[in-house]
Amino acid sequence: MVISGFESLLEAARQQPEPQRLLFVFARAELPEGATPEEKRRFENGQGGALAPVMYVDKKTDEIHSFAELVEESQRMGKPWDMVFVGCLGGQGDREPSDEATQKALESMIKSIQGGLVSHLLMYRPDGEQVRLP
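Residues numbered from 1 in each chain as written. Predicted model: local features only at pLDDT ≥ 70, side-chain atom pairs only at ≥ 80, totals over all residues. Heavy atoms only, no water.

Visitor: Explain the nonpolar core to me, please; I cannot follow it from the model alone.
Guide: Note on soluble globular proteins: their nonpolar side chains tend to be buried together. Residues Phe-6, Phe-24, Phe-67 and Tyr-124 are the most contacted members of the largest nonpolar core, which totals 18 residues. Residue assignment for this core shows that the elements contributing at least two residues are helix H1 (6-15), strand E1 (20-30), helix H3 (67-76) and strand E3 (83-90). Among the elements that line this core, the one with the most residues is H1, at five residues. Setting aside residues no more than four positions away along its own chain, Phe-6 makes contact with Phe-24, Ile-64, Ser-66, Phe-67, Leu-70 and Tyr-124. (Core = buried A, V, L, I, M, F, W, Y, C linked by side-chain atoms within 4.5 Å. Buried < 20%, exposed > 50% of the residue type's maximum accessible area, 1.4 Å probe, protein only. Helix = DSSP H or I, 4+ residues; strand = E, 2+ residues; numbered from the N terminus. Contact = heavy atoms within 4.5 Å.)

Okay, structure coming up:
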């Protein structure tokens, strides 16, 4: 199934034979230490920088109904973000993924984001636009 937006992601997760947990890592664009004047100029114009995780959460498929709901919940946390990375973790048989497995998967996602290895994750801007890297 092709994921063409957040709603199709939710649909795909709900159609899986095993229970799924959706994993969300919210990140903010930051200018790295030691940035050159050119990098600073580009960052001020909304380009470049590095995405640093600021918060994360997991949701069962019946706990989330829309992207707007996710954004609203994130805003209540009071931490601004520029991109949310999304992954899924499947259970086994009719068992949901354990809390421990979920925590380990979220930690792995955070390390991947910090290392710039994000091609395996879905990404969305706060307005719901899905971002695809070249």
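Visitor: Please clarify how the sheet that holds strand E2 (residues 50-60) should be interpreted in this entry.
Guide: Backbone-to-backbone hydrogen bonds join strands into a sheet, with any given pair of strands oriented parallel or antiparallel. The five strands are arranged E2-E1-E3-E4-E5 in an open sheet whose pairing can be described as antiparallel. Pairing within the sheet leaves two strands with one partner each, and these edge strands are E2 and strand E5 (130-131). Alignment of E1 against E3, held across eight bridges, turns out to be antiparallel. Paired with Ala-27 across the bridge in E3 is Met-83. Along the sheet, H1 makes contact with E1, E3 and strand E4 (122-124), crossing E1 at roughly 150°. (Pairing = 2+ DSSP bridges. Axes fitted to C-alpha atoms, helices over the stretch in contact; angles between N-to-C directions.)

Visitor: What is the right way to read H1 from this model?
Guide: Think of an α-helix as 3.6 residues a turn; residues three or four steps apart then line up on the same face. Here H1 has its buried residues at Phe-6, Ser-8, Leu-9, Leu-10, Ala-12 and Ala-13. At its buried positions, H1 is contacted by E1, H3, E3 and E4.

Visitor: Honestly, the packing of aromatic side chains in this entry has me stumped. Any pointers?
Guide: Any two aromatic rings considered together are summarised by their centre-to-centre distance and by the angle between their planes. The tally for this structure, following the rule as stated, stands at five aromatic pairs. Geometrically, the ring pair formed by Phe-6 and Phe-24 is tilted, given 6.2 Å between the ring centres and 35° between the ring planes. With Phe-6 in helix H1 and Phe-24 in strand E1, this residue pair connects regions lying 18 residues apart in the sequence. Like Phe-24, Phe-6 is buried. Plain terms: the ring middles of Phe-26 and Trp-81 are 5.0 Å apart, the flat faces sit at 70° to each other, and that makes the pair edge-to-face. One end of the pair, Phe-26, is in strand E1; the other, Trp-81, is in the loop between H3 and E3, and 55 residues separate them in sequence. For the residue pair Phe-26 and Trp-81, the accessibility class agrees, reading buried in each case. Members of the aromatic cluster, each reached through a chain of ring pairs, are Phe-6, Phe-24, Phe-67 and Tyr-124. (Phe/Tyr/Trp six-rings, centres within 6.5 Å; stacked < 30°, edge-to-face > 60°.)

Visitor: Mind showing me how you'd approach the pattern of salt bridges here?
Guide: Pairing between side chains of opposite charge can happen when their charged atoms approach one another. This structure, assessed with the given rule, holds nine salt bridges. Ionic pairing is found between Arg-41 and Glu-38, a salt bridge with its closest N-O pair at 2.6 Å. Of this pair, Arg-41 and Glu-38 both sit in helix H2 (residues 37-44), three residues apart, which is roughly one turn of the helix. For Glu-38, a relative accessible area of 41% translates into the label partly exposed. Lys-60 is the salt-bridge partner of Glu-96, the closest N and O atoms lying 3.2 Å from each other. On the criterion of sequence distance, the pair formed by Glu-96 in the loop between E3 and helix H4 (99-114) and Lys-60 in strand E2 is long-range, its members being 36 residues apart. A residue is classified by how much of its surface remains accessible, and Lys-60, at 27% relative accessible area, is partly exposed. (Salt bridge = Lys/Arg side-chain N within 4 Å of Asp/Glu carboxyl O.)

Keep in mind these values describe shape, not function.
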